[in-house]
Amino acid sequence: MPLVTRQSKGSPLSFEEMDGNLTYLQSLAESGSGNTGPFETGSACYSIQPKTGFNVAGDSLSTVSGGFKNTITGSGGGSCSCCGPIPSSGSAYGATIGGGLYNTISGNYGTIAGGQNNSVGTCACITQGGTVGGGVNNSAVGSGSTVAGGGSSFCEYNIASGFNSTIAGGARNTASGFASFIGGGYQNSASGSNGIIGGGELNCVSQFYSTVVGGYNNSAMTANSSIVGGQFNCISGIANDSFIGGGSNNITGSQFTGILGGTNNSVNHCHSMVVGSNITTDRICTTFVNNLSIKNIPLSPAGLPAGSVWNDGGTLKIV
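What counts as what
- Residues numbered from 1 in each chain as written.
- Predicted model: local features only at pLDDT ≥ 70, side-chain atom pairs only at ≥ 80, totals over all residues.
- Heavy atoms only, no water.
- Helix = DSSP H or I, 4+ residues; strand = E, 2+ residues; numbered from the N terminus.
- Buried < 20%, exposed > 50% of the residue type's maximum accessible area, 1.4 Å probe, protein only.
- Contact = heavy atoms within 4.5 Å.
- Areas by Shrake-Rupley, 256 points an atom, 1.4 Å probe, with all protein chains shown as cover.
- Salt bridge = Lys/Arg side-chain N within 4 Å of Asp/Glu carboxyl O.
- Pairing = 2+ DSSP bridges.
- Patch = residues over 30% accessible without salt bridge, like charges linked within 9 Å, V, L, I, M, F, W, Y side chains within 5 Å.
- Core = buried A, V, L, I, M, F, W, Y, C linked by side-chain atoms within 4.5 Å.
- Phe/Tyr/Trp six-rings, centres within 6.5 Å; stacked < 30°, edge-to-face > 60°.
- Polar contact = N/O pair within 3.5 Å; in protein donor to acceptor, adjacent residues only side chain to side chain.
- Disulfide = S-S within 2.5 Å.

## Concerning the overall build of the protein chain
Here's step 1: Scanning the protein chain from N- to C-terminus turns up two helices and 34 strands.
Here's step 2: Residues classed as buried in the protein chain amount to 37% of the 319 residues present.
Here's step 3: Expressed as a percentage of contacts within the protein chain between residues at least 6 apart in sequence, the contacts between residues at least 24 apart total 8%.
Here's step 4: Accessible area of the protein chain: about 15400 Å², with a carbon and sulfur share of 58%.

## Let's talk about the pattern of salt bridges
Here's step 1: Taken as a whole and judged by the stated rule, the model has two salt bridges.
Here's step 2: Salt-bridge contacts for E17 lead to K9; the nearest nitrogen and oxygen are separated by 2.6 Å.
Here's step 3: By relative accessible area, which is 23% here, E17 ends up partly exposed.

## Here's the deal with unusual backbone geometry
Here's step 1: Residues other than glycine seldom take positive phi values, yet N249 does so here, at roughly 60°.
Here's step 2: Structurally, N249 is set in the loop between β27 (243-244) and β28 (251-252).
Here's step 3: Among the residues examined, N249 registers a relative accessible area of 36% and is labelled partly exposed.
Here's step 4: You will see that C285, though not glycine, has its phi angle at about 50°, which is positive.

## Examining the pairing of strand β34 (residues 315-318)
Successive residues of a regular strand alternate their side chains across the two faces of the sheet.
Here's step 1: Pairing analysis gives four bridges linking strand β33 (residues 309-312) to β34, with the strands arranged antiparallel. Its bridge partner lying in β34, V309 is registered against I318.
Here's step 2: Connecting β33 to the antiparallel partner β34 that follows it, the hairpin turn spans two residues, and G313 within it adopts a positive phi of roughly 60°.

## Details of a nonpolar patch on the surface
Here's step 1: The grouping of L260, V275, V289, L292, I294, V309, L316 and I318 at the surface amounts to a nonpolar patch, some 740 Å² of accessible area in total.
Here's step 2: Relative accessible area serves as the criterion here: at 44%, I294 is assigned to the partly exposed category.

## Observations concerning the nonpolar core
Here's step 1: In terms of nonpolar packing, the biggest core is built from 30 residues, with I72 and I105 touching the most fellow members.
Here's step 2: Excluding residues that lie within four positions of it along the chain, I72 makes contacts with V56, A57, G58, D59, S62, T63, V64, A92, A95, T96, I97 and I105.

## Remarks on the packing of aromatic side chains
Here's step 1: All chains considered together, the criterion is met by five aromatic pairs.
Here's step 2: Their ring planes at 90° and their centres at 5.9 Å tell us that F68 and Y102 sit as a pair that is edge-to-face. Residue F68 is located in the loop between β4 (63-64) and β5 (71-72), and its partner Y102 is located in the loop between β8 (96-97) and β9 (104-108); the two are separated by 34 residues in the primary sequence.
Here's step 3: On the basis of an interplanar angle of 85° and a centroid distance of 5.5 Å, the ring pair of Y216 and F232 is categorised as edge-to-face. Remark: F232 occurs in the loop between β25 (226-227) and β26 (234-235) and Y216 occurs in the loop between β23 (211-212) and β24 (219-220); sequence separation between them is 16 residues.
Here's step 4: Y216 gets classed as partly exposed once you look at its relative accessible area, which sits at 32%.
Here's step 5: Classification of F232 by relative accessible area gives partly exposed; the value is 36%.

## Comments concerning the environment of S8
Here's step 1: Locating S8 in the fold gives a position in helix α1 (residues 6-9).
Here's step 2: Of note is the side chain of S8, whose polar atom sits 2.8 Å from the side chain of T5.

## A short note on the environment of T131
Here's step 1: Within the secondary structure layout, T131 lies in strand β13 (residues 131-132).
Here's step 2: In sequence terms T131 and Y109 are 22 residues apart; their C-alpha atoms lie 8.9 Å from each other.

## Points about the state of the cysteines
Here's step 1: One pass over the full model with this rule turns up zero disulfides.
Here's step 2: Looking at C270, it has no disulfide partner, and the nearest cysteine sulfur is the one in C285, 5.7 Å off.

No statement about biological role is implied by the geometric values presented.
Here is the structure:
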């Protein structure tokens, strides 16, 4: 029975006609038939998907708000030789895709806001709460992982595979360590737990609590180590708790060491520091410099602690 309107009738509706209209609307709501809105029930309980665009909300409590060929499902998918696995099995309970195209969720409570060819989840295990904000070819594989955006054309992907890992942007970045973070840049890798890469290109942190702020091709490969910037700098071996401020081609392989900057420096002795260039250490607990200029040297030993240097009429003395 079609709805009776005042416009089509040309006069006020009777009580019987108004009741008939309400009864008809109630029957549509209960049966779902005759739905003329843009959304329909998905293939699973309490799921919603657009009528057009070949979208699929295929798990319970899932929602696809719009876009084209977006899929929330516990099966399907495939593989990509460059970008890693496209979700092919698992569960997508309570997942949401806001829009975009060719986005796929195969993880419980996953979210993709938009973009293209983004995915949440993996066939290896059930991902919980992964998020992709947008971009192209990005994957949030680890539970609680996030890729905010970035990515580009084919194989310019970002992958956050570590639990609670985060990639804010850039392209071809991989955060595989637990709670690891990459701010951006290109082709950076954070595989150490709680490792951080701020940006730059081809930088790597592979042990826990290590940091590369930026630069090019820098590697912090020991625990609690830090490289601020520069290029081709490396902290490796047993150099836990070590530091390189910048420069180029600097290497430390011993713990509790530091290189302020410069170029072609090598620290091989623990608790040693280098300030300069082309220096190789030869003993522990020592600071190495190319040249040393001391300003404002005290002219008297009065009040100085043991080991202090003072100027006695042009002659350096030690208290």
